[in-house]
Amino acid sequence: LPGRRRRGRGLSMRTDTGIAGRTGGPHTDCTVPRNGDRSAARLLHSAEAPVEEGSVDGVLDWLDRRRRSGGFGVERIPFDQLQGWGFDEETGDLGHSSGRFFTVQGLHVTADTTVPREWYQPIINQPEVGILGILAKEFDGVLHLLLQAKMEPGNPNTVQLSPTVQATRSNYTGAHGGRTVRYLEYFLDQGRARVLADVLQSEHGSWFYRKNNRNMLVEVGADTDVPVHDDFRWISLGQAAQLLRYD
């Protein structure tokens with residue numbers, strides 16, 4: 001970290017195959033449903049369903065409108081102007097005054113590859129499991145996904161298509177003191193939706209230290225009324241596949 005010398009021990013990682021070692025921590029609260037071949041067949045049918053001409057452009061236009069209506073602005077500021085964030089006097093770690101969210105720490109990596117490598121880098125340490133969840137629903141027999149026009153400072157275009165719920169545990173338990181996470185109940189409340197997939201997957205090992213997130217796909221019945229906020233939109237699997245071609 002700029003202008004800081006670590007007085008603490010920091011983190012250390014050693015791997016025989018590079019830095020992407022095995023993630024740590026028990027895999028708990030994770031359901032892997034067994035729905036047989038029917039779920040796979042339904043997904044394939046929905047993915048192959050015809051996409052209405054011009055509908056993908058409609059999604060892109062909607063996304064652009066959400067971007068322009070948000071009044072967002074991103075500005076780089078010095079570390080000492082961060083509210084609630086600061087450097088630990090003993091370790092030099094950057095963290096939040098609540099002790100929640102994450103810390104930025106120094107990492108020492110040694111790799112026993114063909115040519116041995118060693119380096120130091122900052123890394124995000126966030127020892128909590130977040131939720132990356134997509135809510136699904138059938139319209140006229142075709143599965144649709146409720147996606148979000150989500151603003152984050154690091155997004156290339158400020159606003160981009162994201163899962164229905166994209167939140168760390170600190171976020172969805174209200175540690176930030178902000179608004180509640182929309183549609184979270186479909187992923188936490190048993191009986192609100194049927195689980196199609198629920199697995200733990202690791203985040204980018206180069207930037208997150210042994211970080212896992214809970215990746216979920218849940219479905220509500222076709223007759224279930226789900227109020228849609230302006231920042232959300234139902235998108236078919238075929239539309240989603242075509243949108244993958246766009247940055």
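Residues numbered from 1 in each chain as written. Predicted model: local features only at pLDDT ≥ 70, side-chain atom pairs only at ≥ 80, totals over all residues. Heavy atoms only, no water.

Visitor: Hey, could you run me through the overall build of the protein chain in this one?
Guide: A count of helices and strands for the protein chain gives five helices and twelve strands. Scored against the burial criterion, the 247 residues of the protein chain give a buried share of 34%. Nonlocal contacts in the protein chain, meaning residues at least 24 apart in sequence, comprise 68% of its contacts between residues at least 6 apart. Carbon and sulfur atoms provide 48% of the accessible area of the protein chain, an area that totals close to 15,700 Å². (Helix = DSSP H or I, 4+ residues; strand = E, 2+ residues; numbered from the N terminus. Buried < 20%, exposed > 50% of the residue type's maximum accessible area, 1.4 Å probe, protein only. Contact = heavy atoms within 4.5 Å. Areas by Shrake-Rupley, 256 points an atom, 1.4 Å probe, with all protein chains shown as cover.)

Visitor: Could you clarify how one ought to interpret the pattern of salt bridges in this entry?
Guide: Where charged atoms of side chains with opposite charge meet at close range, the side chains can pair. Under the criterion given, the structure shown has seven salt bridges. In this structure, Glu138 and Arg42 form a salt bridge, with 2.9 Å as the shortest nitrogen-oxygen distance. Placement of the pair is Glu138 in strand β6 (residues 130–139) and Arg42 in helix α1 (residues 37–48), with a sequence separation of 96 residues. For Arg42, a relative accessible area of 12% translates into the label buried. (Salt bridge = Lys/Arg side-chain N within 4 Å of Asp/Glu carboxyl O.)

Visitor: Any chance you could explain unusual backbone geometry here in plain terms?
Guide: Glycine aside, the phi torsion of most residues is negative, and most peptide linkages are trans. Although it is not a glycine, Asp140 sits at a positive phi angle of roughly 55°. Residue position: Asp140 is located in the loop between β6 and β7 (142–151).

Visitor: Any chance you could explain a nonpolar patch on the surface here in plain terms?
Guide: The grouping of Ile77, Phe79 and Leu82 at the surface amounts to a nonpolar patch, some 230 Å² of accessible area in total. With respect to the secondary-structure elements, Ile77 resides in the loop between α2 (55–69) and β2 (85–87). (Patch = residues over 30% accessible without salt bridge, like charges linked within 9 Å, V, L, I, M, F, W, Y side chains within 5 Å.)

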